[in-house]
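Structure assessment
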Amino acid sequence: MSKLYIRTFGCQMNEYDSERIASVFAERGYDLTDNIKEADFAVINTCSVREKPYHKVESELGRLKFMKRNKPNFKIAVCGCVAQQDGEKFLDRFDYVDLVFGTSAINRLHSLLDLVEQGERVCDVNEAEDELSIPVFAREKKVSAFVTIMKGCDNFCSYCIVPYVRGREKSRKPDEILDEVKYLVDNGVKEVTLLGQNVNSYGKNLDETITFAELLYKVHEINGLERLRFVTSHPKDFGDDLIFAIRDLPKICEYLHLPLQAGSSRILKLMNRKYSYEEYRDKVLKAKEMIPDLALSSDFIVGFPGETEDDFEMTLKALEEIRYESIFAFKYSPRPKTKASMWEDDVSEEEKSRRLDEVLKLQSKITEEINKSYVGKVQEILVEGVSKKDKNVFSGRNRQNKVVNILSNYKLNIGDIVTVEITEAKKNSLLGRVVEYAGR
Ligand code: SF4
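As recorded in an unreviewed UniProt entry, the protein goes by tRNA-2-methylthio-N(6)-dimethylallyladenosine synthase and comes from Deferribacter autotrophicus. Here is the UniProt Subunit (unreviewed entry) comment for the protein, exactly as written: "Monomer." UniProt, in its Catalytic activity (unreviewed entry) section for the protein, records the words "N(6)-dimethylallyladenosine(37) in tRNA + (sulfur carrier)-SH + AH2 + 2 S-adenosyl-L-methionine = 2-methylsulfanyl-N(6)-dimethylallyladenosine(37) in tRNA + (sulfur carrier)-H + 5'-deoxyadenosine + L-methionine + A + S-adenosyl-L-homocysteine + 2 H(+)".

Next comes the structure, spelled out in structure tokens:
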């Protein structure tokens, strides 16, 4: 049997696309391998949202070039956002790459691979889709799975490359989404995360009238599904209908990723985020008030062009005021084609690093404090793994998406939902013991 190696950079959307790609290769007789040395085909699924992963792709390709020298039939494909962005240029630059395909070409992958097998070097970065259609595909068995509900983005935040590489917003038809979730549940999945660059815009370009909140109600009805999550929401579109859905639908977990990006309304305006800090804060405080136990997470960019020390201080103030359970923070780096890339990148690298350190240090203190507040609480945990070292230690996540390591005298199964008392708080996770287990 031939072997496929896939390396995925970037977001959950890329992870989902990699699963789709693996299923196409499986239909052609390929087994997945983690060991590049035994692979016959390598696929690098790339991300161009920040500069760092872009450079990582280049170094990964260097490694593959070396392999190809010793194994001439070894094939290399590059896909995802970098492929979409660079297209033919990529094939010219890396003459040992056999296939470059964009984010819309996965539906055409079989015919592209036919050409590669005939010895051709191929590039397909056509957008060519009027609507987003993803047929249900076979996947590795897991308890938790992603389901793409839309792709692309119409928001054009001034720093973001996504609208240029993922195209305009396109929603998937609700029936196709429901079929995929039913298929996953029938195959053992307990938790589904609905994916989109801006899930709140779901449905806007479909013939039938449906909002994202209405889609949540439909997915929620699927028997056997235990937990439902979604990412990412845009704060400007985050409204009461979504707060009500999270509050009223028991399968929706009390977890909301709502990227603020900066605490200064002046910087938010330059970022073209279309909300002020005060508007954002009022929305999340309302959501927190209406949904007990709601956990919030966010993304931040430090060192955006023109960000002064006063602006930066507002980001620190926002962290203190909102108290996220976790954040992702990055240093600003200009991305091609974006509006901000035309402005002077005037915060020095050293200053960006200092600001990033400060943000992460403050957040780490807040996370530790929040983690301590879980001690003594009784929580519902979805079991996702067992320790390799000790078969009595399991790992899972609570409804707030926090990792919980569980000590259990019961023999738990992956996919079980157990009641756990939290006994200890670690820096980035919790420890607990099972207090109730119905068994299976
Ligand atoms: S909402 Fe803004 S940051 Fe998010 S994908 Fe769209 S353009 Fe990028």
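Next, the rest of the story.
Pairing between the strands of a sheet comes from backbone hydrogen bonds, and it takes one of two forms, parallel or antiparallel. One open sheet accounts for 6 strands, arranged β2-β1-β3-β4-β5-β6; its pairing is parallel. Of all the strands in the sheet, just β2 (30–32) and β6 (122–124) have a single pairing partner and so form its edges. In this sheet, adjacent strand axes meet at a mean angle of 20° when their direction is disregarded. In terms of strand pairing, strand β1 (residues 2–8) meets strand β3 (residues 41–46) through 5 bridges, oriented parallel. Bridge pairing links T8 to N45 in β3.

This part takes up a negative patch on the surface. Taken together, the side chains of D175, D179, D207 and E208 define an acidic patch exposed on the protein surface. The topology assignment puts D179 in helix α7 (residues 174–186). On the accessibility criterion, D179 (42% relative accessible area) is partly exposed.

Once that is clear, we can look at the site of the ligand. The immediate surroundings of the ligand are formed by C153, N155, F156, C157, Y159, C160, V162, P163, Q197, H234 and R273. Here the residues of the shell around the ligand sort into 7 nonpolar, 3 polar and 1 charged.

Spatially, β12-β13-β14 is the arrangement adopted by the 3 strands of the open sheet, whose pairing is parallel. Strands with a single pairing partner mark the edges of an open sheet, and in this sheet they are β12 (255–257) and β14 (326–331). The sheet shows a mean angle of 10° between the axes of neighbouring strands, taken without regard to direction. Taken strand by strand, helix α13 (residues 349–373) contacts β13 (295–302) and β14, and its axis lies near 175° from that of β14.

Next up on the list: the packing of aromatic side chains. Under the definition given, this model contains 13 aromatic pairs. Measuring from centroid to centroid gives 6.0 Å for Y275 and Y280, while their planes differ by 35°, and the two rings are tilted. Each of the two residues, Y275 as well as Y280, counts as buried. Measuring from ring centre to ring centre gives 6.1 Å for F304 and W343, while their planes differ by 85°; the resulting arrangement is edge-to-face. Residue F304 is located in the loop between β13 and α12 (309–322), and its partner W343 is located in the loop between β14 and α13; the two are separated by 39 residues in the primary sequence. An aromatic cluster is present here, built from Y159, F304, Y332 and W343 joined pairwise through their rings. When the ring centre of Y374 is taken as origin, the NZ or CZ atom of K377, which lies over that ring, is 5.4 Å away.

A word on a nonpolar patch on the surface. Together, L270, M342 and W343 give the surface a local cluster of nonpolar side chains, amounting to about 300 Å² of exposed area. Along the chain, the position of L270 falls in helix α10 (residues 265–270). With a relative accessible area of 31%, L270 lands in the partly exposed category.

To continue, consider the UniProt feature "domain: MTTase N-terminal" (unreviewed entry) in the protein. In the UniProt entry, the feature "domain: MTTase N-terminal" (unreviewed entry) is given for residues 2–118. Measuring from the first to the last C-alpha atom of residues 2–118 gives 16 Å, for a span that is 49% helix and 21% strand.

What follows is about the UniProt feature "binding site: [4Fe-4S] cluster 1" (unreviewed entry) in the protein. The positions that UniProt labels "binding site: [4Fe-4S] cluster 1" (unreviewed entry) are, in the present scheme, C11, C47 and C81. The greatest C-alpha distance among the residues just named is 10.7 Å, despite their covering 71 residues of sequence, which places them together in space. Classification of C11 as partly exposed rests on a relative accessible area of 33%. Along the chain, C47 turns up in the loop between β3 and α2 (51–70). On the basis of relative accessibility, which here comes to 8%, the residue C47 falls in the buried class. Residues in contact with C47, not counting those within four places in the same chain, are F9, G10, N14, P53, Y54, C81 and V82.

Looking now at the packing of helix α11 (residues 277–290) against α12. The relative placement of two packed helices is expressed as an angle between their axes plus a distance between the axes. At a closest axis distance of 11 Å, the pairing of α11 and α12 adopts a crossing angle of 15°. Our classification of the angle between α11 and α12 gives roughly parallel. Every pair of crossing elements has a handedness; the one defined by α11 and α12 is right-handed. Two secondary-structure elements touch here, α11 through Y277, Y280, R281, V284 and K288 and α12 through A318, E321 and I322. Of the residues assigned to the contact of α11 with α12, the class counts are 5 nonpolar, no polar and 3 charged.

What counts as what
- Residues numbered from 1 in each chain as written.
- Predicted model: local features only at pLDDT ≥ 70, side-chain atom pairs only at ≥ 80, totals over all residues.
- Heavy atoms only, no water.
- UniProt positions renumbered as here; feature names shortened; annotations may be inferred.
- Pairing = 2+ DSSP bridges.
- Helix = DSSP H or I, 4+ residues; strand = E, 2+ residues; numbered from the N terminus.
- Axes fitted to C-alpha atoms, helices over the stretch in contact; angles between N-to-C directions.
- Patch = residues over 30% accessible without salt bridge, like charges linked within 9 Å, V, L, I, M, F, W, Y side chains within 5 Å.
- Areas by Shrake-Rupley, 256 points an atom, 1.4 Å probe, with all protein chains shown as cover.
- Salt bridge = Lys/Arg side-chain N within 4 Å of Asp/Glu carboxyl O.
- Lys, Arg positive; Asp, Glu negative; His and termini not counted.
- Charge placed at Lys NZ, Arg CZ, Asp CG, Glu CD.
- Buried < 20%, exposed > 50% of the residue type's maximum accessible area, 1.4 Å probe, protein only.
- Near = heavy atom within 4 Å.
- Nonpolar A, V, L, I, M, F, W, Y, C, P; charged D, E, K, R; others polar.
- Contact = heavy atoms within 4.5 Å.
- Phe/Tyr/Trp six-rings, centres within 6.5 Å; stacked < 30°, edge-to-face > 60°.
- Lys NZ or Arg CZ within 6 Å of the ring centre and 35° of its normal.
- Parallel < 35°, antiparallel > 145°, perpendicular 65-115°, else oblique.
- Left-handed = near helix turned anticlockwise from the far one by under 90°.

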